[in-house]
Amino acid sequence: MKHNRSVITIIALIVVASMALGACAPSATPTTAPTTPPSTSAQPTTPSGAQPTTAPAQSTVAPVTAPTTAPAAGTPVKGGQLVWAELGGYYTLDPFVSPWHSTPQYAVFDTMLALKPDLTTYVGDLVEDNWEVTPDNLSVTFHVKPNVKFQDGTPVDAAALKWNLDHYADPTIAAPEGGWMNGVVKDVQAPDASTVKIDLVTPYAPLFFQLSALEMVSPTAYQKLGPDKFAQAPVGAGAWTVKEIVPDTSVLYTRNEDYNWAPTSIYKNPGPAYPDSFLIKYMSDQAVEYAALETGELTVLPNIPPQSLPQAQANKNITIVKGQENGGVYLGFNTQKAPFNNQQFRVALSYAINRDEIIQAGYSGEAVPMYSNLASSEMGYSQEMEDYGKSKSNDPEKAKQMLADLGYTAGSDGTMVGKDGKPLELTLEVPTAEEFKPVAETIQAQFADLGIKVTLDVKDVQTIKQMTLDGTYQMILFNYGLLDPSILTYLFDSKNIGASNRTRFNNPDLDKLLESADSALDWNTRKADVAKALQLLIDQRPNVPLYSRLVYAGYRNDQISGIITDPLGDILTMDAWMTKQ
Amino acid sequence: MLTYILRRLFISIFLVLALIAVVFFMLRTVVPGDPALVLAGENAPPEVIEQIRHNQGLDKPVIVQFLYFLRNLSHGDLGRSSMTRELVTQRLVEAMPITLTLTGLCFVYTMLLGILIGVITAYWHDTWLDNLIRVLTVTGASMPTFWFGLMLILIFAVGFGILPVQGGLSVRGMILPTICLGTGSAAYLARLVRAAMLEVLNSDYVRTARAKGVRELGVVLKHALRNALIPILTVAGFQIGGLLGGAVITESIFGLPGMGTLSINAIHNRDYSLIQGTVLFIVVIYLFVNLLVDISYAYVDPRIRYN
Amino acid sequence: MPTSTLESDITKIELKDRPVEKSPIQLAMSRFGHNRLAIAALILLAFLIVISVAAPLLAPYNPIKRNIADRLHAPSLQYILGTDALGRDSLSRIIYGGRVSLWVGLASVVLSLVLGVPLGLIAGYLGGLLDGAIMRVMDLILAFPGIIFAIWLVSMIGPGVNQVILANALFSLPEYSRVIRGSVLTIKDADYVSASRALGCNSFQVMWRHIFPNVLAPIIVISSLSISGAILAGASLSFLGLGAQPPTPEWGAMLADGRPYIRTAWWLALFPGIMLTLVVLASNIAGDGLRDALDPRASTKRA
């Protein structure tokens, strides 16, 4: 359950290089942006694997094998190197600092809890499955697994876990991953070597989800090296030990021979991993990544670009695994700025959007339209709300009608003109990722059909983030991803204005609903609150959810066997071994 | 000459300081985004962003930050990358071998191919061969790197399977990046060589040399090429400077973590110290290479003198 | 034409022996006129410009009208050059795209020349402190991270095609001025330069009349080759928010947008690529012709 935090990844390597601008030498010619990967996985994709028989249903596009359900042929053998492409930029491996947690971190660090590939059940990873929750939901007691060691040989005990949790919660450390703990976690105690007790200020429903994302480091190593050096030589309790880090390029791991605590409710192989080494390559160009999978330089490509799917499908050595990202892309309005501070205006615009066209143009159809603020791949998704949202969409005539009610009428040349006689001209901020350009152009064209002129401002993603913090924009195209419905709190709670609440939506009713949802330990109660929140968001339209991308992971079936997957399209490799070495 | 060099070096120190000061203040005042925003990720609450900003020292007045920076710089300390916490100097040192290798290979490739084609096309100018090569070189020169690199990969790695897509610093791994990066420059250089040589070939002294019965090839190489060296040198200076500063696109396509990758990621991550480090490095390279070029002018062409 | 060949030959010789009757520019024009290849190239360039200007009359479709049902349509009778990811007609987009691309390419080069040539001439010919100052500023521009400049520029003054031209010109200044300066250095002590100085020409006259024509060869080469760089920079800068904003068609951006489809919809990038190459080829050939025509030594050569 890695949250996937990043979003529009920074890799948009757009170009320019000083040289491109500078010397007009042809070698200096600029380039485009490699596409943002639909960063979607919600699963510690690392060294994992699950019993093929229990793997969740999902479509496999592969012509030959159905990877998840077919028992892997042969007996696992040790050896070989698993080569994996990581999409998106390189981030530090220090979990207290990194803004983005993905395979490179989950390879070296284990977490207290793990999420099963059914994406609903949490099981123990570094702790036993039998944790206890007090009836008031204000205290949880975990029992640490015996004989579990960090890679530096120090034990994973209650004191070590407490040190980690305290470090995440420390406001002066400002660990992005521990941001939720402020005001939620009262205290962490370690009464004995194998017991960790977390006391809460208030019942907190996303607790297990959050804990499944907190990577545990060796306190001894961290204190000895200090934050500056730990990132270069990280020590965790994961299946892989870091051997070499080449920032921006690759991380090489070797097998942690002591590792034998992978959750057996998920994996056949408790550890150690079968391949001798694990190489993660950071790649930023999707066409090149796919070429590397085709030549066999990569064993696993977590994300095949939609444009390369036809080739991949025709390649019998590549098995394709289909999934869906745990999030999506939305059109956000600055709800504090005219004319978007008018709810009627926002709703009117939302009727003009045709999601199917957008998905065709941007993804050749490889995305699922979203009519409510949670994708079908996220927990808390409600079919009822999806239908409700759909009933309030796809109606340009209604949009025109509502705009007319607001005093906007079509001028002589078809341009929409407001009551004050000024033409309706809006600006959409678009991050510099290749995939967003056709999306934005389609939205622009759909608004143009109504006579609304939209200027597309393509900008570097950090610039756009700054604009959302300052509130100096009208509309943005942005994406998000989180498996847990607490994403709604991040995106829309008024306390997060100036941070993750990019639409700057301030609605006390919604704040109350979200607070209630986040403290409801009973799933049905929580889901009902989430549904109400979704309905309110559809009525209020601080944003227009657009689509959730399909994920096609690919792996070389002539190199690796025993891979298992989950509905997000994550590749779990704990049970996998290299057949060609 | 020595005084000239010393004066150039002396002036350079001020230029370097001026440039990094400009970059320093631009980044912190007018360029949107900051490292805290990057490090906070997508969902961190406002107070975490503020705290990171404080931890990074970004909440101090910019002028105070600059004074700290200067103080550290005087100790040779460029600070640490906000993303990886590595010393900036170390990152630069890590990127150097890749950049130097690529630059060296590319330089040799560009020079050999560019001069060869230039000489051939100038010697047989206005023939079908010249015209054919002219079309080819122009096509090569107008092909953007992001396309050319991908085509090379599709042809040689995917199609023929004889070279790796991303082979790192190995011999086989460096072939495609060198071709990708060098071909455009070679085409460009070839055009310059051809033009410069045509002038020389038409000049009196070459015709005199020919008339005196000097062997054709000897004429071309000795007189003509020697006299075409100034533009070659100038362009070579650019190429080397540019290459040492990093070939962003080529490095990204072929997975080479050189200066280009370093600087572009630093900018995307708003990694201030790292940006500062790469800018410092690149400006020093340019000043130095262009100084070398200017000095070599005087050696290549005795008519050029500095005083 | 005169009836007697002998007579006409004599006339020709006489004409050339008396340059007073034809100004250098006339001479150059007549020489250029005899270079058929160069003329053809010039006609091609003019043709492309005319097509761009007349785009509304020529384009078969509206270049920004999406038609999702017909997206990624291969070249056919209906869509001669196929359609793009939004189902827009590629031919129409190429025709319209020339408006931005040719303008950016040519204007960038012209602006670079207007600024770079005098700087290079002054630095090379006058030398000394001025030379040092100019060249060090050029070194700084070279070293300045262009992407930071672009991010700043767009946050300050917003997008626009003219900003791209400005950025292109600014960042190619060092190259133009350096190459020109290098060439000036080799000829500034030549006899004819010294002679003209002795005859009382001031520095400006010497630079303009004697130095400039003799450094044309490298100028023409860099300017004709940098057209494509300028057009492509336009595309990449539009990714950073500078330059022509979508949906305005533009060759560089079309080329870049077609890249992910390299193996499934080859036409997306091929045709804009061909246009780009044609422009560069034509400007190269025309440039070579121009150089030959303006080369002061050419007159002696052919006389």
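Everything numeric here is computed off the predicted structure, so don't read it as measured data. (Residues numbered from 1 in each chain as written. Chains lettered and ligands numbered in written order. Predicted model: local features only at pLDDT ≥ 70, side-chain atom pairs only at ≥ 80, totals over all residues. Heavy atoms only, no water.)

## Examining the overall build of chain A
For clarity, the cut-off: To qualify as a helix, a DSSP run of H or I must reach at least 4 residues; to qualify as a strand, a run of E must reach at least 2; elements of each kind are numbered from the N terminus. Partly exposed describes any residue whose relative accessible area lies between the buried limit of under 20% and the exposed limit of over 50%, with all areas from a 1.4 Å probe on protein chains only and scaled to the type maximum. Any two residues whose heavy atoms approach within 4.5 Å at even a single point are treated as in contact. Exposure was quantified through the Shrake-Rupley algorithm and a 1.4 Å probe, taking into account, for residues, occlusion by the shown protein chains and nothing else.
Helix and strand counts for chain A stand at 16 helices and 24 strands. Counting the 581 residues in chain A, one finds 70% classified as buried. In chain A, of all internal contacts separated by at least 6 residues, the share reaching a separation of at least 24 is 73%. Carbon and sulfur atoms make up 51% of the accessible area of chain A, which amounts to about 17200 Å² in all.

## Here's the deal with the interface of chain A and chain B
Interface size is often expressed as the accessible area that is lost when the parts come together. Which entries qualify depends on this criterion: The quantity reported as buried area is the accessible area (1.4 Å probe) lost by two parts once they are put together, taken as the sum for both. Any carboxyl oxygen of Asp or Glu within 4 Å of a side-chain nitrogen of Lys or Arg constitutes a salt bridge here. Classification convention: Asp, Glu, Lys, Arg as charged; Ala, Val, Leu, Ile, Met, Phe, Trp, Tyr, Cys, Pro as nonpolar; all other residues, Gly among them, as polar.
Taken residue by residue, the interface counts 66 residues in chain A and 59 residues in chain B. Both faces considered, chain A and chain B share a buried interface measuring about 5200 Å² in area, 60% of it formed by carbon and sulfur atoms. In this assembly, chain A and chain B are joined by 6 salt bridges. In this structure, Arg-85 of chain B and Asp-228 of chain A form a salt bridge, with 2.9 Å as the shortest nitrogen-oxygen distance. Secondary structure elements with two or more residues in the side of chain A that touches chain B: helix H1 (17–21), helix H5 (219–230), strand S10 (277–283), helix H6 (286–295), helix H13 (461–470) and helix H14 (487–492) of chain A. In terms of residue count, the dominant contributor to the side of chain A that touches chain B is H6 of chain A (6 residues). Across the side of chain A that touches chain B, the residue classes tally to 36 nonpolar, 19 polar and 11 charged.

## Here we look at the domain arrangement of chain B
Residues and elements named next belong to chain B. This is how it is decided: Where a domain begins and ends is set by an automatic assignment or by a domain database. What qualifies as a polar contact is a pair of N or O atoms within 3.5 Å, subject to a donor-acceptor requirement within protein and to the restriction that residues adjacent in sequence count only when both atoms come from side chains.
Domain boundaries in chain B define domain 1 (2–74) and domain 2 (95–300). Placing the centre of domain 1 and that of domain 2 at their C-alpha centroids yields a distance of 33 Å. With 22 residues of domain 1 in contact, the opposing surface of domain 2 contributes 15 residues. For the pair domain 1 and domain 2, the summed buried area comes to about 1600 Å², and 74% of that belongs to carbon and sulfur atoms. It is Arg-8, Val-16 and Leu-27 that lose the most area in domain 1 upon contact with domain 2, and together they represent 29% of the buried surface on that side. Taken together, domain 1 and domain 2 are joined by 1 salt bridge. Here Arg-8 ties to Asp-294 by a salt bridge, and the two come within 2.7 Å at their closest N and O atoms. The interface formed by domain 1 and domain 2 holds 5 residue pairs in polar contact (both at pLDDT 80 or more) in total. Secondary structure elements with two or more residues in the side of domain 1 that touches domain 2: helix H1 (2–30), helix H2 (35–39) and helix H4 (62–74). When residues in the side of domain 1 that touches domain 2 are grouped by element, the largest group, 13 residues, is from H1.

## A closer look at the pattern of salt bridges
Counted by the stated rule, this structure contains 37 salt bridges over all chains. Two residues, Arg-255 of chain A and Glu-257 of chain A, come together in a salt bridge whose shortest N-O distance is 3.1 Å. Classification of Arg-255 of chain A as buried rests on a relative accessible area of 12%. The class for Glu-257 of chain A is partly exposed, based on a relative accessible area of 47%. For Asp-460 of chain A, the salt bridge identified is with Arg-270 of chain B, shortest N-O distance 2.3 Å. In this pair, Asp-460 of chain A is assigned in the loop between strand S18 (453–459) and H13 and Arg-270 of chain B in the loop between helix H13 (259–268) and helix H14 (272–300), connecting two distinct chains. Like Arg-270 of chain B, Asp-460 of chain A is buried. Overlapping salt bridges, with partners in common, bring together Arg-8 and Asp-294 of chain B together with Asp-131, Arg-178 and Arg-181 of chain C in one network.

## A short note on the domain arrangement of chain A
Residue and element names in this part refer to chain A. As far as domains go, chain A holds domain 1 (37–317 + 557–578) and domain 2 (328–550). For domain 1 and domain 2, the distance between their C-alpha centres works out to 32 Å. Each partner contributes to the interface: domain 1 provides 19 residues, whereas domain 2 provides 17 residues. Approximately 1500 Å² of surface area, both sides summed, lies buried where domain 1 meets domain 2, with 67% of it carried by carbon and sulfur atoms. Where domain 1 meets domain 2, there are 0 salt bridges. Our enumeration of links across domain 1 and domain 2 arrives at 2 residue pairs in polar contact (both at pLDDT 80 or more). Counted by class, the side of domain 1 that touches domain 2 contains 15 nonpolar, 4 polar and no charged residues.

## Considerations on the packing of aromatic side chains
Here is the rule: Ring pairs shown here join Phe, Tyr and Trp side chains whose ring centres sit within 6.5 Å, with only the six-membered ring taken for Trp; geometry is labelled stacked below 30 degrees between planes, edge-to-face above 60, and tilted in between. The rule for a charge over a ring is simple: NZ of Lys or CZ of Arg within 6 Å of the ring centre, and within 35 degrees of the ring normal.
Tallied over the full model, the rule gives 35 aromatic pairs over all chains. On the numbers, 6.0 Å between centres and 80° between planes, the contact of Phe-96 of chain A with Trp-163 of chain A is edge-to-face. Pair noted here: Phe-96 of chain A is in the loop between strand S1 (81–87) and helix H2 (103–108) and Trp-163 of chain A is in helix H3 (residues 158–169), with a separation of 67 residues, a long-range link. Neither Phe-96 of chain A nor Trp-163 of chain A differs from the other in exposure class; each is buried. Through a chain of ring-to-ring contacts, the aromatic side chains of Phe-96, Phe-109, Trp-163, Tyr-168, Tyr-222 and Phe-230 of chain A assemble into a single cluster. Lying over the aromatic face of Phe-24 of chain B, Arg-28 of chain B brings its terminal NZ or CZ to 3.6 Å of the ring centre.

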